[in-house]
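# Secondary and tertiary structure notes
What follows is the residue order along each chain.
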Amino acid sequence: MSKSRKSLLAAAAASLLALPAHAQGDPDNGAQVFKKCLACHAVGENAKHKVGPHLNDLFGRTAGGLGDYKYSNAMHEAGENGLVWEDETLHDYLADPRGAVKGTKMAFAGLKKEDELRDVVAYLRTFSSEDAAATGASPVSGQEPEPTPQSDAPDVAATEPAAAQAVAAAGGTATEPGVGLAYGLGRRATEDEVAAWDIDVRPDGMGLPDGSGTVGEGDMLFQEQCASCHGVFGEGAGRWPVLAGGQGTLTDERPEKTIGSFWPYLSTVFDYIRRAMPFGNAHSLTDDEVYALTAYLLYMNDVVADEEFELSKENFSEIELPNAANFIDDDRDSEPHYAAKADPCMRDCKDTPAEIVMRARILDVTPGSVDDDGAGAGAVD
Ligand code: HEC
Ligand code: HEC
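Residues numbered from 1 in each chain as written. Chains lettered and ligands numbered in written order. Predicted model: local features only at pLDDT ≥ 70, side-chain atom pairs only at ≥ 80, totals over all residues.

The name an unreviewed UniProt entry assigns to the protein is Sulfite dehydrogenase cytochrome subunit SoxD, from the organism Lutibaculum baratangense AMV1.

Next comes the structure, spelled out in structure tokens:
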């Protein structure tokens with residue numbers, strides 16, 4: 001809890017000393033109760049409307065009184081008929097939202113426990129400056145009580161579970177994206193989020209973004225951002241991956257598999273860089289930069305010879321990597337070795353009942369174990 005709110009609460013507590021604690025409610029407990037509301041309501045600094053309106057300066061506010069939030073007609077009517085949010089009216093609304101305001105679109109079953117009701121109302125009051133002033137609860141300095149910053153509000157991470165609870169309590173009628181899905185967990189991804197994930201590029205070029213970049217531009221970028229690990233010419237610094245060379249080594253005992261010697265498709269190069277590089281700072285490159293770096297890797301791998309070469313969405317799928325032809329469809333069923341064999345058995349393959357003949361712990365699968373009691377040191381128990 002922030003200092004400001006602590007002192008505010010202290011001041012509030014002091015000014016209410018004469019009253020029995022339970023009648024006033026405990027704002028700290030109320031913060032816990034408010035987790036049930038967090039899925040739909042924000043309070044505190046910079047609070048915005050969520051599914052429901054923000055609840056700052058609620059006390060003394062006419063029901064349905066915020067101009068920039070779209071209430072139900074029922075809530076507007078309640079306000080026009082004189083409903084103003086105070087201890088009592090909040091208590092009744094939160095105990096039974098649909099009973100108190102027939103037709104409200106607040107999909108919340110209501111709080112059934114008296115102490116929860118009192119506590120959450122006390123908590124909300126700490127975000128109402130009008131009321132705080134009226135009850136003399138401002139901090140001693142006489143400043144307006146600062147609304148609690150959002151980060152100080154009850155655990156924001158609790159929002160999603162709270163949504164689930166709220167929906168369960170409401171009989172699963174909430175319509176906010178995600179809330180009310182089968183398990184009431186999470187929320188639907190936004191279009192921006194989906195777009196950020198949807199970056200795969202297919203060998204035929206499908207999925208490529210607009211853009212282009214030249215070998216020269218790629219060279220500059222590569223020296224700045226990649227050479228520290230992959231070497232100036234892609235030869236690999238230390239034991240970091242080698243990105244160029246290795247042509248003709250695939251049949252060696254230690255083949256050097258690089259983009260030029262092994263990789264079948266340029267789309268993988270583009271996709272890999274765009275998705276994962278530079279290592280530790282993934283997704284920091286623009287699309288044009290990824291085109292330029294891919295062009296430079298083509299150049300280093302002798303796939304293009306022209307330093308002026310520009311790779312773009314348009315000419316991308318014309319490029320063929322040297323080893324592409326050696327990747328073939330897996331048709332091993334037609335190979336003599338496999339073709340001779342019958343279809344693999346997938347069920348009831350053993351004539352006799354299965355029998356356990358050895359246990360890993362006795363088998364002692366750890367080489368060099370000196371344990372002689374039968375259980376190898378690292379054996380699977
Ligand atoms: C599932 C979403 C949801 C949950 C959970 C929820 N509310 Fe609401 N709340 C709403 C919506 C939507 C409205 C607007 C109702 C209308 O226009 O009829 C609303 C309205 C309100 C209002 C009236 C505000 C005004 O400006 O007139 C108050 C007060 C309120 N809620 C408090 C709470 C509290 C406190 C809790 C938790 C105990 C809670 N709500 C839980 C969605 C929710
Ligand atoms: C901090 C070191 C580091 C930097 C900087 C870095 N990379 Fe990498 N790169 C790696 C590592 C580590 C791998 C292997 C990752 C793995 O296998 O999971 C890799 C793999 C790659 C591969 C795939 C290699 C293969 O054969 O599997 C490419 C292509 C690549 N990086 C390109 C780049 C480009 C382009 C940049 C600059 C924008 C860059 N990297 C910057 C560390 C780095």
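This part takes up the overall build of the protein. The helix and strand inventory of the protein stands at 16 helices and two strands. For the protein, buried positions account for 29% of its 381 residues. Taking the contacts inside the protein whose residues are at least 6 apart along the sequence as the reference set, 56% of them involve residues at least 24 apart. (Helix = DSSP H or I, 4+ residues; strand = E, 2+ residues; numbered from the N terminus. Buried ≥ 20, exposed ≤ 12 C-beta atoms within 10 Å, placed from the backbone. Contact = placed C-beta atoms within 7 Å.)

Now for the site of ligand 2. As a structural note, the neighbourhood of ligand 2 is formed by 16 residues, with Cys226, Cys229, Met277, Pro278 and Phe279 the closest of them. Contributing elements (two or more residues each) for the shell around ligand 2: α12 (227-230) and α13 (266-276). (Near = placed C-beta within 6 Å.)

Taken together, 30 residues surround ligand 1, and among them Cys37, Cys40, Gly52, Tyr71 and Ser72 come closest. Contributing elements (two or more residues each) for the shell around ligand 1: α4 (73-80) and α5 (87-95). Class assignment of the residues belonging to the shell around ligand 1 gives a composition of 22 nonpolar, six polar and two charged. (Nonpolar A, V, L, I, M, F, W, Y, C, P; charged D, E, K, R; others polar.)

Next up on the list: the environment of lysine 48. Structurally, lysine 48 can be placed in the loop between α3 (27-33) and α4. Among the residues examined, lysine 48 registers 10 C-beta atoms within 10 Å and is labelled exposed. Spatially, the C-alpha atom of lysine 48 lies 9.9 Å from that of tyrosine 69, the residues being 21 residues apart in sequence. Residue contacts for lysine 48: discarding those within four places in its chain leaves Ala42 and His54.

The axes of two packed helices give the description: the angle between them and the distance between them. In contact at an axis separation of 7 Å, helix α11 (residues 215-225) and helix α14 (residues 287-300) are set at 95° when each is read in the N-to-C sense. When the axis of α11 is compared with that of α14, the two are roughly perpendicular. Taken together, the residues of α14 that come into contact with α11 (itself represented by Val215, Glu217, Gly218, Asp219, Leu221 and Phe222) are Glu289, Ala292, Leu293, Ala295, Tyr296 and Tyr299. (Axes fitted to C-alpha atoms, helices over the stretch in contact; angles between N-to-C directions. Parallel < 35°, antiparallel > 145°, perpendicular 65-115°, else oblique.)

Direction vectors running N to C along α13 and α14 enclose 130°, while the axes themselves pass 10 Å from each other. Considering their axes alone, α13 and α14 lie oblique with respect to each other. Crossing hand, α13 versus α14: right-handed. Residues Leu266, Val269, Phe270, Ile273 and Arg274 of α13 lie in contact with α14, whose contacting residues are Val290, Leu293, Thr294 and Leu297. Split by residue class, the contact of α13 with α14 holds seven nonpolar, one polar and one charged. (Left-handed = near helix turned anticlockwise from the far one by under 90°.)

In this model helix α7 (residues 114-125) runs 17 Å from its N-terminal to its C-terminal C-alpha over twelve residues, within 8% of the 16 Å that 1.5 Å per residue would give. In terms of burial, α7 is a largely internal element, nine of the twelve residues being buried. When α7 is considered as a whole, its buried residues turn out to be Leu117, Arg118, Asp119, Val120, Val121, Ala122, Tyr123, Leu124 and Arg125. (Expected span 1.5 Å × (residues − 1).)

Nonpolar side chains in soluble globular proteins tend to end up buried together. The biggest cluster of nonpolar side chains holds 29 residues, and the ones touching the most others in it are Phe34, Leu94, Val120, Val121, Tyr123 and Leu124. Listed by contribution, the elements that provide at least two residues to this core are α3, α4, α5 and α7. Per element, the largest residue contribution to this core is six residues, and it comes from α7. Counting residues in each nonpolar core, the second largest holds 28 residues, with Phe222, Val290, Ala295 and Tyr299 among its members. (Core = buried A, V, L, I, M, F, W, Y, C linked by C-beta atoms within 7 Å.)

With that settled, the discussion passes to unusual backbone geometry. In this model, methionine 277 is joined to proline 278 through a cis peptide bond whose omega is -10°. Tracing the backbone through its elements, the reader meets proline 278 in the loop between α13 and α14. Phi at aspartate 302 takes a positive value of approximately 60°, unusual for a residue other than glycine. As for its position among the elements, aspartate 302 is in the loop between α14 and β2 (310-312). Even without being a glycine, aspartate 348 presents a positive backbone phi close to 45°. Within the secondary structure layout, aspartate 348 lies in the loop between α15 (336-339) and α16 (360-363).

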